[in-house]
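As a plain string of letters, each chain reads:
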Amino acid sequence: MSKIALITDTHYGCRKGSQIFHDYFAEFYSSTFFPLLDSRSIDTVVHLGDCFDVRKGIDYWSLDWAKTNFFDPLRERGIKLHMIVGNHDIFYRNNLSINAPTLNLAEYDNITIYSRPETVTIDGARCFMVPWI
């Protein structure tokens, strides 16, 4: 049976890409999050929305930081990531047709992004993924 970790509201790029906030995030990932995933042999993570902070875009430094400190380490460990699109991840306020995870994370084959309601099965358990709107 899979072990699943939940994470939400990471808001990469917050406070205009604040180095102080991202240093704090990096400390959490390196000293708590990834060691916990490793020690418990967790193979699946579900991100519950608001991965990115600003609806209109993310600065390149913050996107690179997110890939280096979160997305790459997940891929290197062979961990599957299921991402639900949140209200901070979308460009338009009334639809999810343009969203940051889909546009910025296409190179990751370990990520599944949910931009419409969908029932999925994760290791035999049915889960209903409900994005914003």
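Residues numbered from 1 in each chain as written. Predicted model: local features only at pLDDT ≥ 70, side-chain atom pairs only at ≥ 80, totals over all residues. Heavy atoms only, no water.

Draft legend 1. Fine view of the packing of aromatic side chains. Applying the stated criterion to the full structure yields 19 aromatic pairs. Residues Tyr29 and Phe33 carry aromatic rings whose centres are separated by 5.6 Å and whose planes lie at 80° to one another, so their mutual orientation is edge-to-face. Taken together, the residues Tyr29 and Phe33, both in helix 2 (residues 19–39) and four residues apart, mark about one turn of the helix. Using a relative accessible area of 4% as the deciding quantity, one classes Tyr29 as buried. The exposure class assigned to Phe33 is buried, which follows from its relative accessible area of 7%. Ring geometry for Phe70 versus Phe71: centroids 5.0 Å apart, planes at 80°, classification edge-to-face. By the burial criterion, Phe70 is buried, and Phe71 matches it. Three or more aromatic residues joined by ring pairs form one cluster here, namely Tyr12, Phe25, Phe28, Tyr29, Phe33, Phe34, Phe52, Trp65, Phe70, Phe71 and Tyr108. One residue, Lys56, lies across the ring of Phe91, its end atom 4.3 Å from the ring centre. (Phe/Tyr/Trp six-rings, centres within 6.5 Å; stacked < 30°, edge-to-face > 60°. Helix = DSSP H or I, 4+ residues; strand = E, 2+ residues; numbered from the N terminus. Buried < 20%, exposed > 50% of the residue type's maximum accessible area, 1.4 Å probe, protein only. Lys NZ or Arg CZ within 6 Å of the ring centre and 35° of its normal.)

Draft legend 2. Summary view of helix 3 (residues 60–76). Roughly 40° is the biggest bend found in helix 3, and it falls at Lys67. Within the sequence span of helix 3, burial applies to Ser62, Leu63, Trp65, Ala66, Lys67, Phe70, Phe71, Asp72, Pro73 and Leu74. Of the residues that open helix 3, the one with a side-chain oxygen 3.2 Å from the backbone nitrogen of Trp61 is Asp59. Immediately beyond the C-terminal end of helix 3, within one or two residues, lies Gly78, with a positive phi of roughly 75°. (Bend = angle between axes of the 7 residues up to and from the residue. Polar contact = N/O pair within 3.5 Å; in protein donor to acceptor, adjacent residues only side chain to side chain.)

Draft legend 3. Molecular detail of the packing of helix 2 against helix 3. The contact between helix 2 and helix 3 brings their axes to 11 Å, and the two run at 5°. Taken together, the axes of helix 2 and helix 3 are roughly parallel relative to one another. On helix 3, the residues touching Gln19, His22, Phe25, Ala26, Tyr29, Phe33, Phe34 and Leu37 of helix 2 are Trp61, Ser62, Trp65, Asn69, Phe70, Pro73 and Leu74. A per-class count over the contact of helix 2 with helix 3 returns 11 nonpolar, four polar and no charged. (Axes fitted to C-alpha atoms, helices over the stretch in contact; angles between N-to-C directions. Parallel < 35°, antiparallel > 145°, perpendicular 65-115°, else oblique. Contact = heavy atoms within 4.5 Å. Nonpolar A, V, L, I, M, F, W, Y, C, P; charged D, E, K, R; others polar.)

Draft legend 4. Summary view of the nonpolar core. In terms of nonpolar packing, the biggest core is built from 28 residues, with Tyr12, Tyr29, Leu37, Val45, Phe52, Phe70 and Phe71 touching the most fellow members. For this core, the secondary-structure elements that each account for two or more residues are strand 1 (4–7), helix 2, helix 3 and strand 3 (80–84). Ranked by size, the runner-up nonpolar core spans six residues in total, among them Val46, Tyr114, Val120 and Ile122. (Core = buried A, V, L, I, M, F, W, Y, C linked by side-chain atoms within 4.5 Å.)

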